[in-house]
Amino acid sequence: MDEKYKVAIIAGQLVVGGAERQLYLWLANMDRERFDPLVITLHPFHNDYWEKPIEALGIPLFRVAENRAKWKRLAEIIKILRPFHPAIIHGWHSFSSVYAGFAGRILGIPCIGGIRSQYLASNKGLAVTLVKNSCNAFVVNSHTAAIAYQMALGKTSQTIFTVPNAVLDHPTDRENLREQFSLAYKLPMDFVWICSVGRMDPLKRFDVLLNMVDRLREEEAKFHVIIIGDGPEKVKMQHLVNSLKIDDHVSLLGEIPNAGYWMKAMDIFCFPSLSEGLPNAVMEAAAAGLPIVAWKLPFNEELLPDKRQAVLVEPENMEGMTSAVSRLIKSPDLRTQLGSSAQTHILEHFGLERYIQNLTMVYESVIKRNEGIE
């Protein structure tokens, strides 16, 4: 592609999160000789974590506030995009893809919609229906979500692109990192740290992890569960901690920017989520060399298909998950073996270079098709 193309990306939010981190990685590493990006956020004035880093890249960032009159919000987006003359509009989140799709229709510009979970891919809600009916193509981050979305679409001329997320290795001194984390959050250094990361909403099922703590403490004394993340379920989870009287075994740390950096300080990663696209938290845990315990679900199997790479338990089998974590607590050698296998596989198959190549191909394909070039 000889010509430099302008691309507009509409993000639903720029908070600390897996999808938002993937957006930053794309913006920071895209070929700026090929693409000239502009970003619109639909979650302004909340001091979102990724706003300043994106602006530091020299990329224009426009803020479009919420408006009860959705058409007025759409009109403001169009007002920003019209003089920019983008060759393509990309709705990064499913919510922002609705606006991206309608803006593209009005301006005559091809639009890519973003679907980032299996649940959203098969959901029949109004927002997802609007995305399906307004975008020219779609990007999903897992083969699982692609299959679910293809089934929901049925026969269609719209193209579904699968672009797996990228993960980075963070070369760090584990003992030094662990000491820093212990001091910062007053955690017992000599305990086995069991970590989980994610937005606190019902589908993440952190209640499973907390109930597991209640079972584990009957046989294991020297372990501590660390949950990193914020969201609507946090108050409920704190109430559960209090009612189970497990506060001496649990720390709900809230949101921590760049949580993946701290992964190497942990000992075990436990992921009870029931619905994902391609879970960044699992990828980062694997890249850090942590042994992983999670449900045997397609999105986890897609990441770690070999039983030597993770312990995957039948969904909602509490006894099985508790037993797996207990076994890892007792066996440092098994932790090392699983973590090393997971790390090798993830860094080989989900590196940054492949991610950038894949998204570049998607943009070029959609732009060329719109120009009548095959």
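Nothing here was measured: the structure is a model prediction, and the numbers come from that model. (Residues numbered from 1 in each chain as written. Predicted model: local features only at pLDDT ≥ 70, side-chain atom pairs only at ≥ 80, totals over all residues. Heavy atoms only, no water.)

Caption draft 1: View of the overall build of the chain. Secondary structure summary: the chain contains 15 helices and 13 strands in total. Relative to a compact globule of 374 residues, whose C-alpha radius of gyration would be 21 Å, the chain shows 21 Å and is just as compact. With the C-alpha coordinates of the chain rotated into their principal frame, the extents come out at 65 × 40 × 40 Å. Counting contacts in the chain only where the partners sit at least 6 residues apart, residues at least 24 apart contribute 70% of the total. For the chain, the exposed area adds up to about 16600 Å²; of that, 50% sits on carbon and sulfur atoms. Of the charged side chains in the chain, 40 are positive and 42 negative; the average position of the first set lies 6 Å away from that of the second. (Helix = DSSP H or I, 4+ residues; strand = E, 2+ residues; numbered from the N terminus. Rg over C-alpha atoms; globule rule 2.2 N^0.38 Å. Contact = heavy atoms within 4.5 Å. Areas by Shrake-Rupley, 256 points an atom, 1.4 Å probe, with all protein chains shown as cover. Lys, Arg positive; Asp, Glu negative; His and termini not counted. Charge placed at Lys NZ, Arg CZ, Asp CG, Glu CD.)

Caption draft 2: Region of interest: the sheet that holds strand S3 (residues 61–63). If you walk across this open sheet you meet the seven strands as S3-S2-S1-S4-S5-S6-S7, and the pairing is parallel. Every interior strand has two partners, whereas the edge strands, S3 and strand S7 (159–162), have only one. Going across the sheet, the axis of each strand differs from the next one's by a mean of 20 degrees, ignoring polarity. In this sheet, strand S4 (residues 88–91) lies alongside strand S1 (residues 5–11) in parallel orientation, the contact comprising four bridges. (Pairing = 2+ DSSP bridges. Axes fitted to C-alpha atoms, helices over the stretch in contact; angles between N-to-C directions.)

Caption draft 3: Here's a closer look at the environment of proline 202. Along the chain, the position of proline 202 falls in the loop between strand S8 (192–197) and helix H9 (206–216). In this structure the C-alpha to C-alpha distance between proline 202 and arginine 73, which are 129 residues apart in sequence, comes to 29 Å.

Caption draft 4: The arrangement of the state of the cysteines in detail. Inspection of the entire model under this criterion finds zero disulfides. Cysteine 135 carries a free sulfur, and the closest cysteine sulfur to it, the one in cysteine 111, is 3.5 Å from it. Cysteine 135 gets classed as buried once you look at its relative accessible area, which sits at 3%. Left unpaired, cysteine 195 is separated from the closest cysteine sulfur, that of cysteine 270, by 10.0 Å. On the basis of relative accessible area, cysteine 195 is assigned to the buried category, the value being 1%. (Disulfide = S-S within 2.5 Å. Buried < 20%, exposed > 50% of the residue type's maximum accessible area, 1.4 Å probe, protein only.)

Caption draft 5: Quick peek at the environment of leucine 252. Looking at the secondary structure, you find leucine 252 in strand S10 (residues 250–254). It is 11 Å that separates the C-alpha atoms of leucine 252 and phenylalanine 206, two residues lying 46 residues apart in sequence. The residues touching leucine 252, leaving out its near neighbours within four places in the chain, are Met200, Ile227, Lys234, Met237, Gln238 and Val241.

Caption draft 6: Layout of the packing of helix H11 (residues 280–287) against helix H14 (residues 332–349). Where H11 contacts H14, the axes come no closer than 7 Å and their chain directions differ by 115 degrees. Classified by the interaxial angle, the pair formed by H11 and H14 is roughly perpendicular. Between H11 and H14, the residues in contact are Met283, Ala286 and Ala287 and Gly339, Ala342, Gln343, Ile346 and Leu347, respectively. Class assignment for the residues of the contact of H11 with H14 results in six nonpolar, two polar and no charged. (Parallel < 35°, antiparallel > 145°, perpendicular 65-115°, else oblique. Nonpolar A, V, L, I, M, F, W, Y, C, P; charged D, E, K, R; others polar.)

Caption draft 7: Inspection of the nonpolar core at higher detail. Counting 36 residues, the largest nonpolar core has Ile194 and Val293 as the members making the most contacts within it. The greatest single-element share of this core, amounting to seven residues, is contributed by H9. The residues contacting valine 293, other than those within four sequence positions of it, are Phe269, Cys270, Phe271, Val311, Val313, Met321, Ala324, Val325 and Leu328. In this structure, Val167, Phe181, Trp262 and Leu278 belong to the second largest nonpolar core, which totals 35 residues. (Core = buried A, V, L, I, M, F, W, Y, C linked by side-chain atoms within 4.5 Å.)

Caption draft 8: Just the pattern of salt bridges, in detail. Scanning the model with the defined rule gives 15 salt bridges in all. Aspartate 169 is paired through a salt bridge with lysine 264; the nearest N and O atoms lie 3.3 Å apart. Taken together, the positions of aspartate 169 in the loop between S7 and helix H8 (174–185) and lysine 264 in the loop between S10 and strand S11 (268–271) put the pair 95 residues apart, joining distant regions of the chain. You can call lysine 264 buried: its relative accessible area is 15%. The shortest N-O distance in the salt bridge between arginine 178 and aspartate 267 comes to 3.1 Å. In this pair, arginine 178 sits in helix H8 while aspartate 267 sits in the loop between S10 and S11, placing the two residues 89 residues apart along the sequence. One salt-bridge network, held together by shared partners, links Arg174, Glu175, Arg178 and Asp267. (Salt bridge = Lys/Arg side-chain N within 4 Å of Asp/Glu carboxyl O.)

Caption draft 9: How the structure looks around the packing of aromatic side chains. Going through the model one piece at a time under the given rule, you end up with eleven aromatic pairs. Geometrically, the ring pair formed by phenylalanine 181 and tryptophan 193 is tilted, given 6.1 Å between the ring centres and 50 degrees between the ring planes. Placement of phenylalanine 181 in helix H8 and of tryptophan 193 in strand S8 is noted, with a sequence separation of twelve residues between them. Overall, phenylalanine 181 belongs to the buried group, its relative accessible area being 1%. The rings of Phe181, Tyr185, Trp193, Tyr261 and Trp262 are connected pair by pair, giving a single aromatic cluster. Looking at arginine 178, its charged tip hangs above the ring of tryptophan 193, at a distance of 3.9 Å from the centre. (Phe/Tyr/Trp six-rings, centres within 6.5 Å; stacked < 30°, edge-to-face > 60°. Lys NZ or Arg CZ within 6 Å of the ring centre and 35° of its normal.)

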